[in-house]
Structure formats: structure tokens, C-alpha cells
Amino acid sequence: PVDDTIDYYLDVETIAPLRQEHQKMRKEDDVATYDQEKGTIVYRYRKNGKIRKRVDAVPNVYDPVSVAYYFRTRNIEGHEDARSMYAGRKLWEITAKAVGFERIRTDRGEFDTIVVEPVLRREGKVEKKGDLRMWMTRDERHLPVRLYAKFKKIRTWTLVGELLADPHGG
């Protein structure tokens, strides 16, 4: 089991990441700072501020979480909007493709959703990195209701996330 927490700080206009604070269960906590103009990401240990890693990416780069939020702000039915994304020590071009509509039931109720799959490209070529899908409500909020990811990295990993009932009753 993993019990990590990542706090994301995003630019309100572009939804691009500015900072991530990662509290790790098994490793030292760190902070990633994005310089979106220069296209760099600097990872520092939280405890002593020492640089752990510096990445030269590209200006206006996203990570997997922030790019999902970015696509929530777009009407992705019928058009592609590519973003640069740094993940897995690599730079990708990512678009979101609407692949269908589905009514799904969760602890929070039933929702009419749009099913979205990411399309990843490296050096112009599409790369299939596993089975990835996100279900978002078809209203103006595009609330993520379900997430499914299955990929192989040494062994096969499956991640399933679902909107749960609000423990505070709201």
C-alpha cells in the first residue's frame, strides 16, 4: 500500500503546474517547481532544499494530473488540443479523444458522462502506454467521476478511481 499526498498549485488561466509538494510514505518528501517560461522543472528535497533533479522540458509543460484538469476546461467533443506533458522521465505530446458516452452509477449517484482517452505521442508517433480512460460529467463542470488506468511497468498495474459520497453530507 502507498499513502502519498501531492498538493498541486496550478496557474488559474492555463491550468499549467507551478508547484507540487509531494509527501512520500517510502522516500524523502520533495517539492517540484515549474518555471513555465523557461520550460524547466526543479525537484528539491523538502527537508534541506537541496536539488534532487533538474529537468529541461519545454515552456508550458504539464504533468499527468494538471493536463487532466486542463482537458476538463475544454470542450473536447470533436476537436484535438495538444499539450506537452512531462511524465515517466519523458516528454510527450498529449491530446484527449472523446470515445463515447455512458451513464454510470457511483456512491454519489448516476451521471451522464463523456468517456475520454488520452492519445500520447513521442516524436510524432502515437504510443500506446496502456489502457487509460476517464469519465467526466457531460455538464459544464466536466467533473471527473471515474478513472481507469492499466499499464505494464515491470509488472501490470491497475488504477481505478471513483467519485465517492461526500463524508460531510454535502
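Residues numbered from 1 in each chain as written. Predicted model: local features only at pLDDT ≥ 70, side-chain atom pairs only at ≥ 80, totals over all residues. Heavy atoms only, no water.

Observations regarding the side chain of T137
Then, in step 1: On the secondary structure map, T137 appears in strand β11 (residues 131-137).
Then, in step 2: Look at T137 and you get buried, because its relative accessible area is 2%.
Then, in step 3: Only 3.5 Å separates the side chain of T137 from the backbone nitrogen of H142, close enough to count as a polar contact.
Then, in step 4: Among residues more than four places away in sequence, those in contact with T137 are F111, D112, T113, I114, H142, L143 and V145. (Helix = DSSP H or I, 4+ residues; strand = E, 2+ residues; numbered from the N terminus. Buried < 20%, exposed > 50% of the residue type's maximum accessible area, 1.4 Å probe, protein only. Polar contact = N/O pair within 3.5 Å; in protein donor to acceptor, adjacent residues only side chain to side chain. Contact = heavy atoms within 4.5 Å.)

Thoughts on a nonpolar patch on the surface
Then, in step 1: Nonpolar side chains collect at one region of the surface, where L10, V65 and Y69 lie side by side and expose about 220 Å² of accessible area between them.
Then, in step 2: Its location among the elements puts V65 in helix α1 (residues 64-72).
Then, in step 3: Looking at V65, the relative accessible area reads 31%, which means it is partly exposed. (Patch = residues over 30% accessible without salt bridge, like charges linked within 9 Å, V, L, I, M, F, W, Y side chains within 5 Å. Areas by Shrake-Rupley, 256 points an atom, 1.4 Å probe, with all protein chains shown as cover. Salt bridge = Lys/Arg side-chain N within 4 Å of Asp/Glu carboxyl O.)

Points about the environment of V116
Then, in step 1: Counting through the fold element by element, V116 comes out in strand β9 (residues 109-122).
Then, in step 2: Sequence separation between V116 and D131 is 15 residues, and the spatial gap between their C-alpha atoms is 11 Å.
Then, in step 3: In contact with V116, other than residues within four places in its own chain, are I76, A96, K97, L132, R133, M134 and M136.

Describing the sheet that holds strand β1 (residues 5-10)
Then, in step 1: With antiparallel pairing, five strands are arranged side by side in an open sheet as β1-β2-β3-β4-β5. Each edge of the open sheet is held by one strand with a lone partner, namely β1 and β5 (51-56). Neighbour-to-neighbour, the strand axes of this sheet turn through a mean angle of 10 degrees, independent of strand direction.
Then, in step 2: Bridging between strand β3 (residues 30-35) and strand β4 (residues 40-45) involves six bridges; their strand directions are antiparallel. Residue pairing for β4: A32 is matched across the bridge by Y43. (Pairing = 2+ DSSP bridges. Axes fitted to C-alpha atoms, helices over the stretch in contact; angles between N-to-C directions.)

Digging into the pattern of salt bridges
Then, in step 1: Summed over all chains, the structure comprises 11 salt bridges.
Then, in step 2: Two residues, E21 and R19, come together in a salt bridge whose shortest N-O distance is 2.8 Å.
Then, in step 3: Between D30 and K24 there is a salt bridge; the shortest N-O distance is 3.3 Å. Accessibility classification places D30 together with K24 in one group, the buried group.

Observations concerning the pairing of strand β8 (residues 90-106)
Then, in step 1: Judged from the five bridges that link them, strand β7 (residues 83-87) and β8 form a sheet pairing that is antiparallel. Of the residues in β8, the one forming a bridge with Y86 is L91.
Then, in step 2: Turn length for the β8-β9 hairpin, with the two strands adjacent in sequence and antiparallel, is two residues.

Digging into the packing of aromatic side chains
Then, in step 1: Here the structure, examined in full by the defined rule, presents two aromatic pairs.
Then, in step 2: Over the ring of Y43 we find K53; its NZ or CZ atom is 4.8 Å from the centre of that ring. (Phe/Tyr/Trp six-rings, centres within 6.5 Å; stacked < 30°, edge-to-face > 60°. Lys NZ or Arg CZ within 6 Å of the ring centre and 35° of its normal.)

Regarding the nonpolar core
Then, in step 1: Membership of the largest hydrophobic core comes to 17 residues, with the highest contact counts inside it found for V67, F71, I76, M85, I94, V116 and M136.
Then, in step 2: Those elements giving two or more residues to this core turn out to be α1, β7, β8, β9 and β11.
Then, in step 3: With residues near it in sequence (within four places) discarded, I94 still touches V67, F71, D81, A82, R83, M85, P118, V119 and L120.
Then, in step 4: With eight residues, the next largest nonpolar core counts I41, V55, A57 and V61 among its residues. (Core = buried A, V, L, I, M, F, W, Y, C linked by side-chain atoms within 4.5 Å.)

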